[in-house]
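Each chain is listed here by its residues.
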Amino acid sequence: MPTSHGPESHSRVLIAPSILSADLLRLGDELRSIETADFIHVDVMDGVWVPHLTFGPDVVSAARRVSELPVDCHLMVVDPVPIALQATDAGARYVSFHIEACPLAHRLTQELRERGTRPAIALNPATPVSALEEIVEYVDMVVVMGVEPGFSGQAFIARTVEKVREIAELRSARDLDFLIQVDGGVSLENAGALACVGADVLVAGSFVFGARDRAKAISSLRGAAEAGR
Ligand code: DX5
Ligand code: ZN
């Protein structure tokens, strides 16, 4: 069964900058610039399941060496199983994989948990909330995509807010405790509305790394989210 969230409780909205939007040649400095955040979000893309090719679990271990922040590793790959296990061994606290890409999702949640990592399940914009029904009891976090996976800087799909509300209702109806993360298109414009309907973790790529002052971007996003609660 899911572990208790410990410091990642539902009591405040957590901010997870996505290093997809960072300057990768200066990754150490970029990670130091977001030390007031709550997670480092690492987007692993294989260039097949999504058109973009990024990086793999080695970046998770590299991030762990220079930052105290826990890593939240998001897999957008054809076969998430081997990479999920590698990301776990690399020290990711949460590993999220897409329900659309993983027919053996139940087994993978168990394998991750046995290795001490918290499993998370991600849903594409076109995947209905009902896809969660048989797996939601076994995960520590549900990732609701606010854009089609593949790129940072895309426009937020407004329907995502309603989807988060439905997932929060499912969570209370089943008396569960998983975190709800929203990934893609998050900004000051939607952070309050997302927090208001139950989002606990906001991933932000271009919003944080596109700002000159990252600490200010993180605190303004957190402030906008908290104001919506
Ligand atoms: C999209 C990635 C996101 C992306 C978010 O496939 O999963 O994490 O980096 O970037 P923004 O916040 O710019 O939409
Ligand atoms: Zn992501």
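Scroll up a little and you will see the structure.
Residues numbered from 1 in each chain as written. Chains lettered and ligands numbered in written order. Predicted model: local features only at pLDDT ≥ 70, side-chain atom pairs only at ≥ 80, totals over all residues. Heavy atoms only, no water.

Trainee: Looking at this structure, how should I read the environment of S67?
Mentor: Topologically, S67 is positioned in the loop between helix 2 (57-66) and strand 3 (71-76). For S67, a relative accessible area of 10% corresponds to the buried category. In the structure, S67 is positioned 114 residues away from Q181 in sequence and 21 Å away in space, judged by C-alpha atoms. Here the side chain of S67 touches L69 through a polar contact of 3.0 Å, landing on its backbone nitrogen. (Helix = DSSP H or I, 4+ residues; strand = E, 2+ residues; numbered from the N terminus. Buried < 20%, exposed > 50% of the residue type's maximum accessible area, 1.4 Å probe, protein only. Polar contact = N/O pair within 3.5 Å; in protein donor to acceptor, adjacent residues only side chain to side chain.)

Trainee: Just checking my understanding: could you explain the packing of helix 3 (residues 80-89) against helix 4 (residues 105-114) for this structure?
Mentor: A pair of packed helices can be characterised by two numbers: the angle between their axes and the separation between those axes. One can describe the packing of helix 3 onto helix 4 by two numbers: an axis separation of 10 Å at closest approach and a directional angle of 15°. Judged by the inter-axis angle, helix 3 sits roughly parallel to helix 4. As helix 3 runs across helix 4, the sense of the crossing is right-handed. Where helix 3 approaches helix 4, its residues V81, A84, L85 and T88 are matched on the opposing element by L108, E111 and L112. Class assignment for the residues of the contact of helix 3 with helix 4 results in 5 nonpolar, 1 polar and 1 charged. (Axes fitted to C-alpha atoms, helices over the stretch in contact; angles between N-to-C directions. Parallel < 35°, antiparallel > 145°, perpendicular 65-115°, else oblique. Left-handed = near helix turned anticlockwise from the far one by under 90°. Contact = heavy atoms within 4.5 Å. Nonpolar A, V, L, I, M, F, W, Y, C, P; charged D, E, K, R; others polar.)

Trainee: How should I be thinking about the packing of aromatic side chains in this particular structure?
Mentor: Note on aromatic pairs: each is described by the distance of the centres and the angle between the planes. Applying the stated criterion across every chain, the model contains 1 aromatic pair. Between F39 and Y94, the aromatic rings sit 5.6 Å apart at their centres with planes inclined by 90°, giving edge-to-face as the arrangement. Taken together, the residues F39 in the loop between helix 1 (27-32) and strand 2 (40-45) and Y94 in strand 4 (residues 94-98) connect sequence positions 55 residues apart. The exposure class of F39 is buried, given its relative accessible area of 0%. With relative accessibility at 0%, the residue Y94 sits in the buried group. The residue whose ring lies beneath R171 is F178, and the NZ or CZ to ring-centre distance is 5.7 Å. (Phe/Tyr/Trp six-rings, centres within 6.5 Å; stacked < 30°, edge-to-face > 60°. Lys NZ or Arg CZ within 6 Å of the ring centre and 35° of its normal.)

Trainee: Explain the environment of R113 to me, please; I cannot follow it from the model alone.
Mentor: Along the chain, the position of R113 falls in helix 4. Measuring from C-alpha to C-alpha, the distance between R113 and P70 comes to 16 Å, with 43 residues separating the pair along the chain. Within the structure, the side chain of R113 is placed 2.7 Å from the backbone oxygen of Y138, a separation counted as a polar contact.

Trainee: What am I meant to see in helix 2 here?
Mentor: One turn of an α-helix holds 3.6 residues; hence residues three or four places apart share an orientation. Listed as buried for helix 2 are P57, V59, V60 and A63. Along the long axis of helix 2, the arc covered by the buried residues comes to 150°, so they all point the same way. Set apart from the buried face of helix 2 by more than 90 degrees, the exposed residues are D58 and R65. (Arc of directions from axis to C-beta.)

Trainee: Is there a simple way to explain the pattern of salt bridges in this structure?
Mentor: Taken as a whole and assessed by the stated rule, the structure comprises 13 salt bridges. Residue D29 is joined to R32 by a salt bridge in which the shortest nitrogen-to-oxygen separation is 3.3 Å. Of the two residues, D29 and R32 both sit in helix 1, 3 residues apart, roughly one turn of that helix. Residue R32 is classed as partly exposed on the basis of its relative accessible area, which comes to 44%. (Salt bridge = Lys/Arg side-chain N within 4 Å of Asp/Glu carboxyl O.)

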